[in-house]
Amino acid sequence: MPSPIKVIVVGAGSRGETYSDYSFAHPERLQVVGIADPRPFARKKLQERHSVPEENVFDDWHCVAEREKFADAVFICTPDRLHKDPAVVLARKGYHILLEKPMAVTLEDCTEIAETCIQSGVVLMVCHVLQYDPFIRKIKVLIDSGAIGDVIHIQHFEPVGFYHFAHSFVRGNWRNEAESSFALLAKSCHDLDLIQHWAGGRRCIKISSFGSLSHFRKEKKPSGAASRCLDCSVETDCAYSAKKIYLDRVKKGWVRWPVSVVCSSSIPDIESVTEALKTGPYGRCVYECDNDVCSNQVVNMEFEGGLTASFTMVAFTEEICQRKTSIHGSKGELTYDGQEINVFDFLTQKSTKHKVDMNVPGSFSKGGHGVADYHLVDTFITALLSGNPLLIQSGPKETLASHRLVFEAERSRLENRVVMCETYND
Ligand SMILES: NC(=O)c1ccc[n+]([C@@H]2O[C@H](COP(=O)([O-])OP(=O)(O)OC[C@H]3O[C@@H](n4cnc5c(N)ncnc54)[C@H](O)[C@@H]3O)[C@@H](O)[C@H]2O)c1
């Protein structure tokens, strides 16, 4: 595989831009040579950042498919319902695929993607970024080293964050299942994937789930509230006010997420954010949106050998996405709070704290997600350059298996019953 790896970015939004930034840290390993996105602002921004020639800039992924193959790989960072078609078509053309999660929004489509990539002999890596977080990797190393003995129970908590949930899952792109996907798939496919990873190859036998959309419903609208926060007389008493989430931030000079999402076709400033809140989806009252995805959901699992696992996702938290995990083994207990890993040994009754190296180059150093994003792209590029797809921990087989858990958990919630997981021969 030649170096640098040449990549076409399909979907030049938030994720596409982030992954492309790897080329600034390592121009000798990655070069962005093509872009497809219907939004002129997003296209142009990425084109200028990476000096992509005009003939390689398209307003739709189909145009990439119609051209002779002109890169080694594609980053598919389109909206959830637009993953399957580009993944299947571009894999058949011989492109290696970095595919955003969720793989797709139905199990049939996820299966088709995995099978097509395997049959086409291309590398598929799904962006389960947490798998590439140094802390998460360390947890697996500790489990595999026997530090806590046999794993008996996994407890994993995902705090979405009160304003993050309002932004993405009430007003934003992932609010409505028919337009994107159900919350467990959109938000927590990472987490069931981690639980499966820590379960270490044991098959999940039974799964159950409960969950609902709480609070962000029409009947919870305070009396006197308006349809838009900018017109609302009771906005000062509302934690979810768009004025607080976006306008107050931009007034303090904050132009990154979530403000950048509100102004998706211009540079965010006070005027453009105000205009977006007057007319766009992010200025709507959270009690009057067309949202229907769960705000709180629990999943219980039983794996082979009696290992149990319990997962909770909840919107109503101060912390944003900073997972908390405890893994209980026959010899000790491992806990992780986002800052450090603690292993308590039952025999010695001593605790050992583990830190990891969170330093990465360039813009990726900002925050835990950024560090994991860096390692994700780095792993993909290394796998291609070395010809060793085994470096990838979120390839077709394991990702398909953890997506199946997500679909089975949601089936349990909808059908109000424990689901016995099917056995697959792959
Ligand atoms: N791995 C993670 O942790 C993580 C985090 C956030 C989002 N995501 C996933 O990443 C994907 C993208 O999310 P985002 O936040 O970047 O969204 P985004 O809206 O910022 O970007 C999506 C882009 O795809 C473009 N697009 C739409 N139709 C297209 C087409 N036909 N051809 C080419 N491009 C097209 C849009 O114009 C947009 O610019 C989603 O599936 C989302 O669920 C993953």
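Residues numbered from 1 in each chain as written. Predicted model: local features only at pLDDT ≥ 70, side-chain atom pairs only at ≥ 80, totals over all residues.

- As recorded in an unreviewed UniProt entry, the protein goes by Gfo/Idh/MocA-like oxidoreductase N-terminal domain-containing protein and comes from Silurus asotus.

**Comments concerning the overall build of the protein**
Turning to step 1, where the next piece is worked out: Within the protein, the secondary structure is distributed over 14 helices and 15 strands.
Turning to step 2, where the next piece is worked out: Relative to a compact globule of 426 residues, whose C-alpha radius of gyration would be 22 Å, the protein shows 22 Å and is just as compact.
Turning to step 3, where the next piece is worked out: Along the longest, intermediate and shortest principal axes, the C-alpha atoms of the protein span 60 × 60 × 40 Å.
Turning to step 4, where the next piece is worked out: In the protein, buried positions account for 46% of the 426 residues.
Turning to step 5, where the next piece is worked out: A separation of at least 24 residues holds for 73% of the contacts in the protein among residues at least 6 apart in sequence. (Helix = DSSP H or I, 4+ residues; strand = E, 2+ residues; numbered from the N terminus. Rg over C-alpha atoms; globule rule 2.2 N^0.38 Å. Buried ≥ 20, exposed ≤ 12 C-beta atoms within 10 Å, placed from the backbone. Contact = placed C-beta atoms within 7 Å.)

**Things to note about the sheet that holds strand β3 (residues 57-58)**
Turning to step 1, where the next piece is worked out: Read across the open sheet, the six strands follow the order β3-β2-β1-β4-β5-β6; overall the sheet is parallel. Each edge of the open sheet is held by one strand with a lone partner, namely β3 and β6 (124-126).
Turning to step 2, where the next piece is worked out: Relative to strand β4 (residues 73-76), strand β1 (residues 5-10) runs parallel, the two being bridged by four bridges. Bridge pairing in β4 links V7 to A73. (Pairing = 2+ DSSP bridges.)

**A closer look at the sheet that holds strand β15 (residues 419-420)**
Turning to step 1, where the next piece is worked out: Strands sit in the order β14-β13-β12-β11-β7-β10-β9-β8-β15 across an open sheet of nine strands; the sheet is mixed. The sheet is open, and its two edges are formed by β14 (350-354) and β15, each paired on a single side.
Turning to step 2, where the next piece is worked out: Here strand β12 (residues 332-336) runs beside strand β13 (residues 341-345); their pairing, made up of five bridges, is antiparallel. Residue pairing across strands places G332 opposite D345, the latter belonging to β13.
Turning to step 3, where the next piece is worked out: In the packing of helix α7 (residues 134-144) onto the sheet, contacts are made with β7 (151-159), β11 (324-329), β12, β13 and β14, and the angle to β13 comes to roughly 20 degrees.
Turning to step 4, where the next piece is worked out: Along the sheet, helix α9 (residues 183-198) makes contact with β7, β9 (296-303), β10 (308-314) and β11, crossing β7 at roughly 155 degrees. (Axes fitted to C-alpha atoms, helices over the stretch in contact; angles between N-to-C directions.)

**Focus: the packing of helix α10 (residues 242-251) against helix α12 (residues 270-279)**
Two quantities define a packed helix pair, namely the angle between the axes and the distance from one axis to the other.
Turning to step 1, where the next piece is worked out: Direction vectors running N to C along α10 and α12 enclose 165 degrees, while the axes themselves pass 9 Å from each other. When the axis of α10 is compared with that of α12, the two are roughly antiparallel. The chirality of how α10 crosses α12 is right-handed. Within the contact between the two elements, α10 uses A242, Y246, L247, V250 and K251 and α12 uses I270, V273, T274 and L277.
Turning to step 2, where the next piece is worked out: Split into classes, the residues belonging to the contact of α10 with α12 amount to seven nonpolar, one polar and one charged. (Parallel < 35°, antiparallel > 145°, perpendicular 65-115°, else oblique. Left-handed = near helix turned anticlockwise from the far one by under 90°. Nonpolar A, V, L, I, M, F, W, Y, C, P; charged D, E, K, R; others polar.)

**Side note on the site of the ligand**
Turning to step 1, where the next piece is worked out: Around the ligand there are 25 residues in total, and G11, G13, S14, R15 and E100 lie nearest to it.
Turning to step 2, where the next piece is worked out: No other element matches the three residues that helix α1 (residues 14-20) contributes to the shell around the ligand.
Turning to step 3, where the next piece is worked out: Of the residues contributing to the shell around the ligand, the split by class is twelve nonpolar, six polar and seven charged. (Near = placed C-beta within 6 Å.)

**So, helix α14 (residues 396-415)**
Along an α-helix, residues three or four apart share an orientation, since each turn contains 3.6 residues.
Turning to step 1, where the next piece is worked out: Helix length check: α14, at 20 residues, gives a terminal C-alpha distance of 28 Å against a target of 28 Å (1.5 Å per residue), a fit within 8%.
Turning to step 2, where the next piece is worked out: Counting buried residues in α14 gives 14 out of 20 residues, a clear majority hidden from the surface.
Turning to step 3, where the next piece is worked out: N416 sits one or two positions beyond α14 and adopts a positive phi of about 60 degrees. (Expected span 1.5 Å × (residues − 1).)

**Description of the domain arrangement of the protein**
Turning to step 1, where the next piece is worked out: Per the domain assignment, the segments making up the protein are domain 1 (5-122), domain 2 (131-216 + 292-359 + 395-420) and domain 3 (226-283).
Turning to step 2, where the next piece is worked out: Computed over C-alpha atoms, the centres of domain 1 and domain 2 are 28 Å apart.
Turning to step 3, where the next piece is worked out: Across the contact, 13 residues belong to domain 1 and 14 residues belong to domain 2.
Turning to step 4, where the next piece is worked out: Tallied by class, residues from the side of domain 1 that touches domain 2 come to nine nonpolar, one polar and three charged. (Domains from an automatic or database assignment.)

**What about unusual backbone geometry?**
Turning to step 1, where the next piece is worked out: Between K101 and the following residue, P102, the backbone shows a cis peptide bond with an omega angle of -10 degrees.
Turning to step 2, where the next piece is worked out: Within the secondary structure layout, P102 lies in the loop between β5 (96-99) and α6 (107-120).
Turning to step 3, where the next piece is worked out: P258 follows W257 through a cis peptide bond whose omega is 0 degrees.
Turning to step 4, where the next piece is worked out: One can find P258 in the loop between α10 and α11 (259-262).
Turning to step 5, where the next piece is worked out: Even without a glycine there, the phi angle at C321 is positive, about 60 degrees.
Turning to step 6, where the next piece is worked out: Structurally, the position occupied by C321 is in the loop between β10 and β11.
Turning to step 7, where the next piece is worked out: Judged by local crowding, C321 falls into the partly exposed class, with 17 C-beta atoms found within 10 Å.
Turning to step 8, where the next piece is worked out: Despite not being glycine, Q349 shows a phi value in the positive range, around 55 degrees.

**Points about the pairing of β14**
Turning to step 1, where the next piece is worked out: Where burial is concerned, little of β14 is hidden: zero out of the five residues are buried.
Turning to step 2, where the next piece is worked out: As paired elements, β13 and β14 share five bridges and run antiparallel to each other. If you follow N342 over to β14, its bridge partner there is K353.
Turning to step 3, where the next piece is worked out: Between the antiparallel neighbours β13 and β14 lie four residues, among them Q349 with a positive phi of about 55 degrees.

**Some words on the nonpolar core**
Turning to step 1, where the next piece is worked out: Judged by nonpolar contacts, the single largest core of 127 residues is most densely connected at V7 and I97.
Turning to step 2, where the next piece is worked out: Residues contacting I97, with those up to four places away along its chain left out, are A73, V74, I76, A87, L90, A91, C117, V122 and L124. (Core = buried A, V, L, I, M, F, W, Y, C linked by C-beta atoms within 7 Å.)

**Considering the environment of Y163**
Turning to step 1, where the next piece is worked out: Of note, Y163 is situated in helix α8 (residues 162-171).
Turning to step 2, where the next piece is worked out: For the pair Y163 and G146, spaced 17 residues apart in the sequence, the C-alpha separation amounts to 39 Å.
Turning to step 3, where the next piece is worked out: Leaving out residues up to four positions away in the same chain, Y163 has contacts with Y240 and I245.

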